[in-house]
Structures are given as structure tokens and as C-alpha cells.
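Chain residues, written in single-letter form:
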Amino acid sequence: TKKKAACPGLGLFYTLLSAFLFSVAALFLKKIEDVHSVEVSAFRCIFQMSFVLPGLIYYETGFLGPKGKRVFLFLRGFLGSSAMILLYYAFQVMPLADATVITFSSPVFTSLLAWIFLKEKYSLWDLLFTLFTITGVVLIARPPFLFGSIVTGIEGSYTDHLKGTVAAVTSAVSAASTFVILRKMGKSVHYFLSIWYYAVIGLIECIIALSIIDEWSLPHCGTDRLLLILIGILGLGGQIFLTKALQIEKAGPVAIMKTMDVVFAFILQILFLNHIPSWWTVGGALCVVASSSGTAVRKWQQNSKKAKQNKV
């Protein structure tokens with residue numbers, strides 16, 4: 001018999017809590033002044049390793065995983081950690097809401113990559129959602145050849161804004177690639193092992209990057225050090241609650257509830273960063289959220305239909 005959720009709507013509550021924790025972690029990242037985003041990523045990787053290590057020992061999963069899955073685990077770790085590093089960079093150089101909205105486009109890219117690599121169905125609706133997402137990203141990026149040389153509602157220079165946009169889009173594509181790899185692996189690899197690869201490879205990436213850009217330094221003040229610890233705790237908590245949500249709730253409702261990421265980003269940006277998003281950002285957010293939600297709903301309906309057919 002199939003186990004029912006302990007409480008109706010508990011999975012959606014976990015998703016909401018996960019979205020809030022991730023958004024607060026992003027806000028704290030904006031508040032850190034003297035630490036490079038790659039270094040923040042390194043601290044988060046160390047934090048995750050310290051929490052996951054006891055789990056690996058307890059469940060006796062080993063540190064390398066099954067032989068046939070190690071290449072996929074490596075790719076999952078590399079792409080997943082790259083997505084995090086790029087996302088943190090985007091958070092530091094562009095408005096919080098803008099970066100959140102762009103990275104929220106990953107479900108649309110997941111459908112496209114799953115069609116290419118997993119031979120999953122890609123319909124005209126999926127193409128429409130992809131075009132809507134691209135439109136939303138363009139509205140947020142506001143390239144000068146379309147919107148003129150004067151761009152309002154951004155932080156710092158337009159060059160930084162453009163770099164942040166490229167980083168956020170690349171982060172979304174990397175995250176989408178991670179989802180495709182996780183689908184390919186299935187449930188044969190323990191979740192802790194997946195996070196272990198993510199943290200170890202991410203830390204190696206960060207050390208190499210910090211050595212090249214020569215930015216490795218301890219935070220100068222106690223506030224920045226506290227914020228680093230809180231980012232690690234909130235990021236790990238967000239991951240745990242999202243995983244628990246997916247264990248007890250269908251993926252479709254969870255994906256729709258995750259639109260609260262964008263809502264929280266707008267609220268926190270206005271309340272704590274005193275930065276009111278432009279109407280271009282709002283328009284771009286509506287395009288991206290509509291596309292991602294539409295993709296999730298269609299996937300949910302298709303899976304429900306398949307489940308009914310299998311029962312018959």
C-alpha cells in the first residue's frame with residue numbers, strides 16, 4: 001500500500017519553507033561586502049561536506065559510488081556546483097529579483113535537454129514556453145541594441161549587469177543539465193552520495209578559481225563570518241526541505257509552489273535592499289514564471305495520464 005503524507009499539504013509547506021530559506025541565503029549573500037562569490041561557494045561546499053560525511057558513514061554508501069554511475073556522479077557534481085558558483089556571482093553583481101527570475105527558467109531548459117539527451121517528448125507547448133522564457137530573460141537583460149544605451153533599474157554598471165545575466169542563464173542551464181543527469185541515474189544512487197560529489201568537486205573548482213583570481217582571504221569582520229555560516233545552514237536546510245517535499249508530494253505541485261522563490265526575492269529586495277524592481281523586471285518575471293509553471297503543469301499531467309494508463 002502506498003503511504004500517505006502525514007499531513008495534507010505538508011509537502012507544499014516544505015517547498016514554501018525551502019523557497020524562503022534559499023531566498024534569505026541569497027539576501028545574506030548580497031549583504032556580504034568583502035568576500036568574493038567564489039569564496040562564499042567554497043565555504044558552503046565545506047559546510048555541506050561536514051554535514052554529509054556522517055551520513056555517508058552511517059548508510060555505508062562509500063565515497064565513490066557504484067562503478068557504472070561514477071561518470072554521471074562526476075558530471076552531476078561538476079555541473080551542480082558550477083550552477084551554484086555562477087548563481088552566487090549573479091546575486092552579487094545584479095539585483096536579487098533579476099538573478100532569481102533568470103535562474104528560475106531551469107525547468108524550461110530541462111525539457112529541452114531531456115528531449116535532446118533522453119529522447120523525451122518535446123511538444124509545441126514546450127517550444128512556446130522556451131520562447132516565453134527567452135523573452136523574459138531579454139526583458140531583464142535589456143540589451144542596448146533593443147532598449148537603447150540608457151538602462152535603468154540595475155545595480156552598478158551595465159557591464160556587470162550583463163555579466164550577471166550571462167552567469168544566471170549559464171547557472172540555469174547547468175542546473176537543468178543536473179536534473180537530466182539525476183533522471184538518467186534514477187534512484188540507484190543514494191542522495192547523500194550525490195551531494196558529496198557536489199560538495200567535493202565544487203570545493204576543488206572554487207580552490208582553482210580562487211588561486212587564479214587571487215581572491216582567497218578570510219572575512220575581515222565578524223558580521224561577514226556570521227553571514228557565511230548562516231548561508232551554509234540556510235542552503236543546506238533549503239536542500240533538505242526541498243528533497244523531503246519531493247518525497248511526499250508530486251513534482252508538479254512542488255514546481256508550482258517553487259514560484260514563491262521569485263515572490264520572496266521581490267519582497268526581500270524591496271524591504272532590505274531598498275531596490276524597487278523595474279517594470280521590465282516584473283514583465284520578465286511574469287514570462288519566466290508562466291513558462292516554468294506551464295512546463296511543470298504539463299509534465300505533471302503527462303505523468304498522471306501515464307499512471308492511469310498503467311493502472312488500466
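Please read these numbers as outputs of a predicted model, since none were measured by experiment.

Details of the overall build of the protein
Thought 1: Each helix and strand counted, the protein has 13 helices and zero strands in total.
Thought 2: Helices and strands appear in the protein in the N-to-C order α-α-α-α-α-α-α-α-α-α-α-α-α.
Thought 3: Principal-axis analysis of the C-alpha atoms gives the protein an extent of 60 × 45 × 35 Å.
Thought 4: In the protein, once contacts between residues fewer than 6 apart in sequence are set aside, the share between residues at least 24 apart is 86%.
Thought 5: As presented, the protein carries roughly 16,300 Å² of accessible surface, and 69% of it is formed by carbon and sulfur atoms.
Thought 6: Within the protein, one finds 27 positive and 15 negative side-chain charges whose respective centroids are separated by 20 Å.

What about the UniProt feature "domain: EamA" (unreviewed entry) in the protein?
Thought 1: In this numbering, the UniProt entry assigns the feature "domain: EamA" (unreviewed entry) to residues 10-141 and 163-292.
Thought 2: Note that residues 10-141 is 81% helix and 0% strand, and that its end C-alpha atoms are spaced 37 Å apart.

Examining the nonpolar core
Thought 1: Ranked by size, the top nonpolar core spans 44 residues in total, and within it I32, V40, Y88, F91, V101 and V262 carry the most contacts.
Thought 2: Excluding residues within four positions of it along the chain, I32 makes contact with V40, D224, L227, L228 and I231.
Thought 3: Core analysis: the second largest hydrophobic core is formed by 10 residues, L73, V189, I195 and Y197 among them.

Here's the deal with the packing of helix 4 (residues 96-103) against helix 12 (residues 260-272)
Pairs of packed helices are described in terms of their axes, by the angle between the two and the distance that separates them.
Thought 1: In the contact formed by helix 4 and helix 12, the axes pass within 8 Å of each other and the chain directions differ by 170 degrees. When the axes of helix 4 and helix 12 are compared, the pair comes out roughly antiparallel. Contacts between helix 4 and helix 12 pair L96, A97, T100 and V101 from the former with D261, V262, A265, F266, L268 and Q269 from the latter.

A few points about the packing of aromatic side chains
Thought 1: Tallying each qualifying case throughout the model produces 10 aromatic pairs.
Thought 2: Aromatic pair W115 and Y122: ring centres 5.1 Å apart, planes at 25 degrees, arrangement stacked.
Thought 3: Ring pairing ties together the aromatic residues F13, Y14 and F241, which thus form one cluster.

Observations concerning the confidence of the model for the protein
Thought 1: Mean pLDDT over the protein works out to 84, with 94% of the residues at or above the 70 mark.
Thought 2: Below pLDDT 50 for its whole length, residues 1-5 participates in one contact with residues either more than four positions away or in separate chains.

A short note on the layout of surface pockets
Thought 1: Its volume calculated, the second largest pocket comes out at about 210 Å³.
Thought 2: Lining the second largest pocket are F72, L75, L79, L113, F117, L118, S177, V180, I181 and K184.
Thought 3: Secondary structure elements with two or more residues in the lining of the second largest pocket: helix 3 (70-93), helix 5 (106-117) and helix 8 (158-185).
Thought 4: With four residues, helix 8 is the single largest residue contributor to the lining of the second largest pocket.
Thought 5: Class assignment of the residues belonging to the lining of the second largest pocket gives a composition of eight nonpolar, one polar and one charged.

A closer look at helix 5
Thought 1: Relative to the 16 Å expected for 12 residues at 1.5 Å per residue, helix 5 spans 16 Å between its end C-alpha atoms, a close match to the ideal helical length.
Thought 2: Here helix 5 has its buried residues at S106, V108, F109, T110, S111, L113 and A114.
Thought 3: K119, located one to two residues past helix 5, shows a positive phi value of around 60 degrees.

Some points on the side chain of R76
Thought 1: Mapped onto the secondary structure, R76 falls in helix 3.
Thought 2: Nearest to the buried, unbridged R76 among oppositely charged side chains is E205, at 9.5 Å.
Thought 3: Contact partners of R76, with chain neighbours within four places excluded, come to T178, I181, L182, S194 and Y198.

Brief notes about unusual backbone geometry
Thought 1: Phi angles above zero are rare outside glycine, and E60 is one such case at about 55 degrees.
Thought 2: Overall, E60 belongs to the exposed group, its relative accessible area being 70%.
Thought 3: Unlike most non-glycine residues, N274 shows phi in positive territory, near 50 degrees.
Thought 4: Accessibility expressed as a relative area gives 68% for N274, which makes it exposed.

Quick look at the environment of K121
Thought 1: Examined against the element boundaries, K121 turns out to sit in the loop between helix 5 and helix 6 (124-141).
Thought 2: C-alpha separation for the pair K121 and A245, spaced 124 residues apart in sequence, amounts to 26 Å.

Section: the pattern of salt bridges
Thought 1: Applying the stated rule across the entire model yields two salt bridges.
Thought 2: Here D98 and R142 are joined by a salt bridge, their closest N and O atoms 3.7 Å apart. Separated by 44 residues along the polypeptide, D98 in helix 4 and R142 in the loop between helix 6 and helix 7 (144-147) bring together distant segments of the chain.
Thought 3: Classification of D98 by relative accessible area gives buried; the value is 1%.

Regarding a nonpolar patch on the surface
Thought 1: On the surface, L53, I57, F63 and L64 cluster together to form a nonpolar patch covering roughly 370 Å² of accessible area.
Thought 2: In this fold, I57 is placed in helix 2 (residues 37-59).
Thought 3: Assessed through its relative accessible area of 55%, I57 is described here as exposed.

Cut-offs and rules
- Residues numbered from 1 in each chain as written.
- Predicted model: local features only at pLDDT ≥ 70, side-chain atom pairs only at ≥ 80, totals over all residues.
- Heavy atoms only, no water.
- Helix = DSSP H or I, 4+ residues; strand = E, 2+ residues; numbered from the N terminus.
- Contact = heavy atoms within 4.5 Å.
- Areas by Shrake-Rupley, 256 points an atom, 1.4 Å probe, with all protein chains shown as cover.
- Lys, Arg positive; Asp, Glu negative; His and termini not counted.
- Charge placed at Lys NZ, Arg CZ, Asp CG, Glu CD.
- UniProt positions renumbered as here; feature names shortened; annotations may be inferred.
- Core = buried A, V, L, I, M, F, W, Y, C linked by side-chain atoms within 4.5 Å.
- Buried < 20%, exposed > 50% of the residue type's maximum accessible area, 1.4 Å probe, protein only.
- Axes fitted to C-alpha atoms, helices over the stretch in contact; angles between N-to-C directions.
- Parallel < 35°, antiparallel > 145°, perpendicular 65-115°, else oblique.
- Phe/Tyr/Trp six-rings, centres within 6.5 Å; stacked < 30°, edge-to-face > 60°.
- pLDDT = per-residue confidence, 0-100.
- 1 Å grid on protein atoms, 1.4 Å probe; cavity = no way out; pocket = protein on both sides within 12 Å on 5 of 7 lines; lining within 4 Å.
- Points joined across faces, edges and corners; volume = space filled by probe spheres on them.
- Nonpolar A, V, L, I, M, F, W, Y, C, P; charged D, E, K, R; others polar.
- Expected span 1.5 Å × (residues − 1).
- Salt bridge = Lys/Arg side-chain N within 4 Å of Asp/Glu carboxyl O.
- Patch = residues over 30% accessible without salt bridge, like charges linked within 9 Å, V, L, I, M, F, W, Y side chains within 5 Å.

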